[in-house]
Amino acid sequence: MISAEKIPNNVNLSGNKRLQRALEHWQPKYIQWWRDMGPQGFQDYHQVYVRTAISVDPEGWAHFEYVKLPEYRWGIFLADPVHDRRIGFGDFLGQPVWQEVPGEFRNQLRRLIVTQGDTEPASVEQQRLLGQRCPSLYDLRNLFQVNVEEGRHLWAMVYLLHSYFGRDGRDEAEELLERQSGNRDKPRILEAFNEPIDNWLDFFMFTMFTDRDGKSQLMSLSESSLDPLSRTTRFMLTEEAHHMFVGETGIARILERTCQLMKQAGFSGDVRKLGGIDIPTIQKHLNLWFSLSLDLHGSEVSSNAASYFANGLKGRAKEDTFDEHVAKDSFYRMEFFEDGKPVTKEILMRNAMNEVLRDWYVGDCAAGVVRWNRILEQHGLSERLRLPDRKFHRGIGMYSGFHFDPNGVPLTSEQWEQRRHDWLPSTADAEYLLSIMAEPIYEPGKFANYIAPPRRGINQLPIDFQYVRTEA
Ligand SMILES: [Fe+2]
Ligand SMILES: [Fe+2]
């Protein structure tokens, strides 16, 4: 039975019979999906110290308790309404926002919500084996926190589908549980969400770069004229921030440890001999997840993006910081690649909206890389991490089908094949990473050899707190 106590919410679930009925049908399928496709080996006998959102105020969403994962209280929350909120961009600028879905934009909005929704369970599926290779209980807990929140993000999108899209919405909600990451017949919609994540270096890079794409998409959706979509995504952003924290600090701790081991090895030695992760391997994984996440922003020139903007469905990140919100007669200078040479052209701004969002994203990523490099600098190392050129390793948009090195220099297919594993992880790299992660660390306060402990624990608890415990 669906009850408002079991499903924390601020959408008046107890007074909404239609939503209750839809969820009664969907929720058992969700739990089955979670058991089948969620964290493997941590469903029945483990209790995890997680944060559960029980309301949207600052105290309410920082409520910590031990729970068994399938009993997590996935809730439905909208950020508080903004009084007299007006449409902030596009052709309907200044009009009141919509509380219902306008018929003419129904398909486009459904597409946006389904595409966002599909990424949420996908990442849980991608990460389902990581618990068995965790570097510590602290990290294990963080993984599960990310997983349950991605589950909640799925709930958020399903709430919109059930509430505003009738029968089609209910069908879409079911299909969100039927597609599977990496499945050949029924894959997830976006490519980065079909890639395996079976080691913790990939997990931290994913939460740094791919969850950050989540942030750019959620920021642009939180500008939407459809007010329930705006309010839902605004609340999701608070959780997304934690996912990026997990990724950024995870890599920072690996770098910290790598620096310590390099010192031990006398700087010239091989860190791998001491069981660490060398900087070139870290760079390769950065290259992989950054380029996959660039693809998630879509084609550089896009009439869909133009139409989303014109209709007020999806804006720019921080729309209110732009001087002008109609963007009808303005242009964007974009670099094209023609006959092997770069050519700059002016594109109608609305058609360049994917690229505008990608610019914001690249800037946000670059700031993170600067923070990582401070660690290398503090240890007196001359190596630095860097973002590859945005033409590197692209599968979507005008650079797909061509080859570039991380500096953006064009390569022939033969040159690319010869050198790709200088820039992207190889099978040997994957095998090495799995070898140092083969033994999970479940002892409180202990950390795998390749990663430094965090500065502090969760919710002001000590680092050696038992963040995941086995049921007696
Ligand atoms: Fe998410
Ligand atoms: Fe996330």
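Residues numbered from 1 in each chain as written. Chains lettered and ligands numbered in written order. Predicted model: local features only at pLDDT ≥ 70, side-chain atom pairs only at ≥ 80, totals over all residues. Heavy atoms only, no water.

Q: Outline the overall build of the protein chain, listing residues and values.
A: Broken down by element type, the protein chain carries eleven helices and seven strands. Relative to the 2.2 N^0.38 estimate, which gives 23 Å for 472 residues, the radius of gyration of the protein chain is 23 Å and therefore close to what a compact globule would have. Expressed as lengths along the three principal axes of its C-alpha atoms, the size of the protein chain is roughly 65 × 65 × 40 Å. Residue pairs at least 24 apart in sequence account for 72% of intrachain contacts in the protein chain once pairs closer than 6 positions are excluded. Accessible surface for the protein chain amounts to roughly 20,000 Å². Of this, 48% is attributable to carbon and sulfur atoms. Across the protein chain, the centroid of the 56 positively charged side chains sits 2 Å from that of the 67 negatively charged ones. (Helix = DSSP H or I, 4+ residues; strand = E, 2+ residues; numbered from the N terminus. Rg over C-alpha atoms; globule rule 2.2 N^0.38 Å. Contact = heavy atoms within 4.5 Å. Areas by Shrake-Rupley, 256 points an atom, 1.4 Å probe, with all protein chains shown as cover. Lys, Arg positive; Asp, Glu negative; His and termini not counted. Charge placed at Lys NZ, Arg CZ, Asp CG, Glu CD.)

Q: So, the packing of helix 3 (residues 137-164) against helix 4 (residues 166-178): which residues are in play, and what are the values?
A: Close contact between helix 3 and helix 4 brings their axes to 6 Å; oriented N to C, the two are set at 155°. Relative to helix 4, helix 3 is oriented roughly antiparallel. Contacts from Leu-154, Val-158, Leu-161, His-162 and Tyr-164 of helix 3 reach helix 4 at Gly-166, Gly-169, Arg-170, Glu-172, Ala-173, Leu-176 and Leu-177. Among the residues forming the contact of helix 3 with helix 4, the class breakdown is seven nonpolar, three polar and two charged. (Axes fitted to C-alpha atoms, helices over the stretch in contact; angles between N-to-C directions. Parallel < 35°, antiparallel > 145°, perpendicular 65-115°, else oblique. Nonpolar A, V, L, I, M, F, W, Y, C, P; charged D, E, K, R; others polar.)

Q: Describe the coordination of the iron ion (ligand 1), listing the residues and the values that go with them.
A: Each donor-metal-donor angle in an ideal tetrahedron of four donors is 109.5 degrees, and each such angle in an ideal octahedron of six donors is either 90 or 180 degrees. In this structure, Glu-120 (OE), Glu-150 (OE) and His-153 (ND1) serve as the protein donors to the iron ion (ligand 1), at separations of 2.0 to 2.2 Å. Read N to C, the donor residues that coordinate the iron ion (ligand 1) are spaced as E-x29-E-x2-H. In this structure, the iron ion (ligand 1) lies 3.4 Å from the iron ion (ligand 2), and both are coordinated by Glu-150. Note that Glu-120 is positioned in helix 2 (residues 106-126) and His-153 in helix 3, a separation of 33 residues in sequence. You can call His-153 buried: its relative accessible area is 0%. (Donors = N, O, S within 2.8 Å, 3.2 Å for Na, K, Ca; no water. Buried < 20%, exposed > 50% of the residue type's maximum accessible area, 1.4 Å probe, protein only.)

Q: Any details on unusual backbone geometry? Residues and values, ideally.
A: Despite not being glycine, Ala-327 shows a phi value in the positive range, around 55°. Structurally, Ala-327 is set in the loop between helix 8 (303-310) and strand 3 (331-338). Phi is positive for Asp-339, close to 50°, though the residue is something other than glycine. In this structure, Asp-339 sits in the loop between strand 3 and strand 4 (341-348).

Q: Pulling in residues and values, what's your account of the side chain of Glu-355?
A: Checked against the element boundaries, Glu-355 lands in helix 9 (residues 353-378). Taking relative accessible area as the criterion, Glu-355 reaches 6% and is therefore assigned buried. Looking at Glu-355, its side chain comes within polar contact range of the side chain of Arg-390, at 2.8 Å. Aside from chain neighbours lying at most four places away, what touches Glu-355 is Glu-300, Tyr-332, Met-334 and Arg-390. (Polar contact = N/O pair within 3.5 Å; in protein donor to acceptor, adjacent residues only side chain to side chain.)

Q: Could you give me a rundown of helix 5 (residues 200-221), with the residues and numbers involved?
A: Taking 1.5 Å per residue as the helical rise, helix 5 with its 22 residues ought to reach 32 Å, and the 30 Å between its terminal C-alpha atoms agrees with that figure. For helix 5, the principal kink sits at Phe-206 and spans about 35°. Burial analysis of helix 5 places 21 of its 22 residues in the buried class, which makes it a mostly covered element. The N-capping residue of helix 5, defined by a side-chain oxygen 2.9 Å from the backbone nitrogen of Leu-201, is Asn-199. (Expected span 1.5 Å × (residues − 1). Bend = angle between axes of the 7 residues up to and from the residue.)

Q: Let's hear about the layout of surface pockets: which residues, and what values?
A: Estimated volume of the largest pocket: approximately 770 Å³. Lining the largest pocket are 37 residues, and of these Thr-115, Leu-190, Gln-217, Leu-296 and Gly-298 sit closest to its centre. The element best represented in the lining of the largest pocket is helix 5, accounting for eight residues. For the lining of the largest pocket, the residue count by class is 14 nonpolar, 14 polar and nine charged. (1 Å grid on protein atoms, 1.4 Å probe; cavity = no way out; pocket = protein on both sides within 12 Å on 5 of 7 lines; lining within 4 Å. Points joined across faces, edges and corners; volume = space filled by probe spheres on them.)

Q: Quick one: what's the story with empty space enclosed by the protein, residue by residue and with numbers?
A: Where empty space is left becomes clear once a probe the size of a water molecule has been rolled over the atoms. A complete count under the given rule lists one cavity of 30 Å³ or more for this structure. For the largest cavity, the calculated volume is near 90 Å³. Looking at the largest cavity, the residues that line it are Ala-305, Tyr-308, Phe-309, Lys-314, Gly-315, Arg-316, Met-353, Asn-354 and Leu-357. When residues of the lining of the largest cavity are traced back to their parent elements, those giving at least two are helix 8 and helix 9.

Q: Any details on the pattern of salt bridges? Residues and values, ideally.
A: Here the structure, examined in full by the defined rule, presents 34 salt bridges. Of the charged contacts, one joins Arg-316 and Glu-319 as a salt bridge, the two residues approaching to 2.7 Å between their closest N and O atoms. For the pair formed by Arg-316 and Glu-319, the shared burial category is buried. Notably, a salt bridge pairs Lys-391 with Asp-389, separated by 3.3 Å at the nearest N-O pair. Lys-391 sits in the buried class, given a relative accessible area of 10%. (Salt bridge = Lys/Arg side-chain N within 4 Å of Asp/Glu carboxyl O.)

Q: Summarise the coordination of the iron ion (ligand 2); cite the residues concerned and give the values.
A: All of the protein donors around the iron ion (ligand 2) are Glu-150 (OE), Asp-211 (OD), Glu-240 (OE) and His-243 (ND1); their distances to the metal are 2.0 to 2.2 Å. Expressed as a motif, the donor residue spacing for the iron ion (ligand 2) is E-x60-D-x28-E-x2-H.

Q: Would you mind going over the sheet that holds strand 2 (residues 63-67) in detail, with residue names and values included?
A: The strands that make up a sheet pair up through hydrogen bonds in the backbone, lying either parallel or antiparallel. Spatial ordering of the open sheet is given by 2-1-7, a layout of three strands whose pairing is antiparallel. The outermost strands of the open sheet, each flanked by one partner alone, are strand 2 and strand 7 (468-470). Going across the sheet, the axis of each strand differs from the next one's by a mean of 25°, ignoring polarity. Alignment of strand 1 (residues 46-52) against strand 7, held across three bridges, turns out to be antiparallel. (Pairing = 2+ DSSP bridges.)

Q: With reference to specific residues and values, describe a positive patch on the surface.
A: Among the surface-exposed residues, Lys-17, Arg-18, Arg-21 and Arg-170 lie close enough to one another that they form a single positively charged patch. With three residues, the single largest contributor to the positive patch is helix 1 (residues 17-37). (Patch = residues over 30% accessible without salt bridge, like charges linked within 9 Å, V, L, I, M, F, W, Y side chains within 5 Å.)

Q: Hey, could you go over the nonpolar core for me, with residue numbers and the actual values?
A: Generally speaking, a soluble globular protein has its nonpolar side chains buried in company with each other. Grouped together as the largest cluster of nonpolar side chains are 116 residues, with contacts concentrated most on Phe-209 and Trp-372. For Phe-209, the contacting residues outside a window of four places in its chain are Leu-286, Trp-289, Phe-290, Ser-293, Tyr-361, Cys-365, Trp-372 and Leu-387. Core analysis: the second largest hydrophobic core is formed by twelve residues, Phe-89, Phe-336, Met-349 and Ala-352 among them. (Core = buried A, V, L, I, M, F, W, Y, C linked by side-chain atoms within 4.5 Å.)

Q: A description of the environment of Thr-470 should follow, citing residues and the corresponding values.
A: Along the chain, Thr-470 turns up in strand 7. Its relative accessible area of 53% is what places Thr-470 among the exposed residues. Each C-alpha atom, one on Thr-470 and one on Gln-47, is 6.2 Å from the other, the two residues being 423 residues apart in sequence. Discounting chain neighbours no more than four positions away, the residues touching Thr-470 are Tyr-45 and His-46.

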